[in-house]
Each structure stands twice: as C-alpha cells, then as structure tokens.
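# An overview of the molecular structure
Each chain, written out:
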Amino acid sequence: MLLKQFIFMLLITSGLSAQAVATEMITVGWLENVHIDDSGYRLKAKIDTGADNSSINAEDVTEFTKDGEQWVKFSLRNAWDKNYTITKPVLNTTRVKMKNGNIQERFVIELDVRLGKVSKLAKVNLVDRSHFKYQLLIGRSFLAPQFVVDSSRTFTVTDK
Amino acid sequence: MNKNRMPENRTSENRTPENRISDKAIIGWREWVSFPDIGIDKIKAKVDTGARTSALHAFNIEEFSFNGQKMVRFKIHPLQRDNDYIVVCEAAVIDTREVTDSGGHCEKRFVIETPITIGNETFSIEATLTDRDTMKFRMLLGRTALEKRFIVDSSKSYVLSKNINRKKGIEK
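What you see is a predicted model; the values in this text were computed from it and never measured. (Residues numbered from 1 in each chain as written. Chains lettered and ligands numbered in written order. Predicted model: local features only at pLDDT ≥ 70, side-chain atom pairs only at ≥ 80, totals over all residues. Heavy atoms only, no water.)

This part covers the overall build of chain B. Looking only at helices and strands, one finds 3 helices and 12 strands in chain B. In chain B, the share of contacts with a sequence separation of at least 24, taken over all contacts with a separation of at least 6, comes to 58%. Split by element, the accessible area of chain B, about 9,200 Å² in all, is 43% carbon and sulfur. (Helix = DSSP H or I, 4+ residues; strand = E, 2+ residues; numbered from the N terminus. Contact = heavy atoms within 4.5 Å. Areas by Shrake-Rupley, 256 points an atom, 1.4 Å probe, with all protein chains shown as cover.)

Dropping the structure here:
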C-alpha cells in the first residue's frame, strides 16, 4: 500500500516536470537588462504585468515625413550613461489615460527587444519617463506567451 | 473496492495544482481574491509586478484609536460596476508611507496588514489605502505580496480564482 502511494507520488512529480518542460515558459525577474536592436545597446527594463503595453523613455523626439510616411527620431540614455539614437516609422499613435485623468497621445513604434535568448518585436510607446528609475517598461503584450515573471528575482536571464 | 485507494483515472492534473513552476504557483494578471478578516468576500485584483506594495482603493478613510492601537476605518466598493455595494472595513495601521504612483505623484498612505486568500492559500499581506478613484482595479497585488508564492503568467487571468467564484456568492 505504502509502496503504491510512493510510486503514485513519483508519477505525479515526473508528470509535473514533464509539463513544465512542455510549456517552455521562461521565468524572468521584475528587472532585466534587455538589448535594443542588434546594436548591443542595453537598457534596464522593468517587467510590469500591470501594464498592457510597453513604453520607453524617449528624449529629443522629432517627427518627420519620409516617402509619405510618418517617422520619428529620438534618443535613449541608459543607466550606464550611454546614448543611442533610434529612427523608426511611426506605427500609430495611442491615447493613454493617466492616473490624474489626463489623456496623453503617444507615438508607437516597433522595436527589436532581446530579453535573454529571446528576441522579438515589441510595440513600444514613446513617453517622457525621465522622472522614473527605469527607461523601459515591458508590459503584458510583449510577455505573452513565453515569459512568466518571478517578482522575487531580478536579472534571471540577463547580466546585471 | 477499498475506498481509500486512489482511483485509477486520477491524473496528476486534477490531483495537484496545475501549472506550477518550481515550488511557486502560476498566477494570472487578474485574479479574484478575498480578505477574510475585513469582510471582503470577493474583489478583483490586478497582479502587478511593476508595483512594490499592494494597494486597496478605499474611501472615507478615518483614523481612530482602539486600546491604544492606531486603527483605520474605510469603505470599499469590491465590485467594479456596483457602487451600491459597500463594505466597511476596520484594520490596524502598521505604518504610514510615502508612495509614488505610476504618474509620478507622491502620496502619504496608511499601511494595513491583513490576511488575503488567493486560491487555496491564506497569508498576511501589507496593503496601502488610496482613495484615487481613477484606479480601474480596486486592488493591486504588488511584488512583496507575490514573491514567496507566485509566478505571474501575464497571458492568463483567473488561474487561481475558481474556488472563490464558485463557492462564495456575493451577500448584499
């Protein structure tokens, strides 16, 4: 009887680990250093399950038209005090309702973001986050479906 | 047939909490939770790794003293679309704290400590009280409350909410 229970427990445990492997979820911390484009430029990102979308601290934002398309040029400054200039077509503009009730209109661009070994296009909106600690906020639309967040950890898939 | 024996068709899925990573349970980005000690049977929480502390959207917050203990009495609308349903809560104040919200605004808030039930687990959490009525969710579950027990899968909702939805009706 005891032996049967023991075997049963073993089956459960092995079943569980098999399930964990099958889903191939990557556990990230609530802070990670991500890479932008293929440039090797790093940004400290807050992984925020409370945000729908991702947003980035953009400085010196200038808008221009190229071949009839709306483009935007802006610069980033990271925690290591390095600048990086990005020029991208504007995907759309989004209206974000702020906590104080004001509505802010923001440009949305697509940015290649690498988090650990996974590289994917993130839709990010441009915002003045200069009064915040972290220049990049990664929201749920980027995280689904492969990332899960362990809020007790930081820099689990990236170097500090 | 011996009733104590495990039925053959019981699989690991219905025997153990599904979706566990290491020793932590998977939680969705929205969950129904309850606060047994302050009379909140059911409130929808946003699971927010972007916030350190948890927050409750309270109103008519008043401080009082009971046996020398600093207390706070406040009201809550636990249901987003039902402003007629009000729960009056009382809890001990363990701290007052300056909290900066996502808009960069700083606010002094009371901090209470009270048990929360999420899925099958009940444990104590700290929560700040705020009366910002622009909060869409009446409850934010922050990193400190999550860190020992949960891993957030933001592609899912109500992973741990099944019990609360089924068993606890809303008493008006």
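What follows is about the sheet that holds strand β6 (residues 69-77) of chain A. All names here are of chain A. Spatially, 3 strands are ordered β5-β6-β7 in an open sheet, and the strand pairing comes out antiparallel. Of all strands in the sheet, those with a lone pairing partner are β5 (59-66) and β7 (83-89), marking the two edges. Between one strand axis and the next, the sheet turns by 20° as a mean value, whatever way the strands run. Inspection of the sheet shows β6 paired to β7 by 7 bridges, in the antiparallel sense. Residue pairing across strands places Arg-77 opposite Asn-83, the latter belonging to β7. (Pairing = 2+ DSSP bridges. Axes fitted to C-alpha atoms, helices over the stretch in contact; angles between N-to-C directions.)

Further remarks concern the packing of aromatic side chains. Working definition: an aromatic ring pair is given by the centre-to-centre distance plus the angle between the planes. Within the structure shown, the criterion is met by 6 aromatic pairs over all chains. The ring of Trp-80 of chain A has Arg-42 of chain A lying over it, and the distance from NZ or CZ to the ring centre is 4.2 Å. Geometry around Trp-29 of chain B places Arg-140 of chain A over its ring, the cationic atom sitting 3.3 Å from the centre. (Phe/Tyr/Trp six-rings, centres within 6.5 Å; stacked < 30°, edge-to-face > 60°. Lys NZ or Arg CZ within 6 Å of the ring centre and 35° of its normal.)

Looking now at the pattern of salt bridges. Using the criterion set out here, one finds 13 salt bridges over all chains in the structure. A salt bridge links Lys-88 of chain A to Asp-37 of chain A; its shortest N-O distance comes to 3.5 Å. In this pair, Lys-88 of chain A sits in strand β7 while Asp-37 of chain A sits in the loop between β2 (31-36) and β3 (41-47), placing the two residues 51 residues apart along the sequence. Taken as a pair, Lys-88 of chain A and Asp-37 of chain A share a single burial class, namely buried. Two residues, Glu-107 of chain B and Arg-109 of chain B, come together in a salt bridge whose shortest N-O distance is 2.6 Å. Here Glu-107 of chain B and Arg-109 of chain B have matching classes, each one buried. (Salt bridge = Lys/Arg side-chain N within 4 Å of Asp/Glu carboxyl O. Buried < 20%, exposed > 50% of the residue type's maximum accessible area, 1.4 Å probe, protein only.)

All names here are of chain B. In this sheet, strand β7 (residues 69-76) lies alongside strand β6 (residues 59-66) in antiparallel orientation, the contact comprising 6 bridges. By the bridge assignment, Phe-64 is partnered in β7 with Met-71. Between β6 and β7, which pair antiparallel one after the other, the connecting turn spans 2 residues, and Asn-67 there sits at a positive phi close to 50°. Judged from the 6 bridges that link them, β7 and strand β8 (residues 87-100) form a sheet pairing that is antiparallel. Paired with Arg-73 across the strands is Glu-90, a residue of β8.

The values are spatial; any link to function lies outside them.
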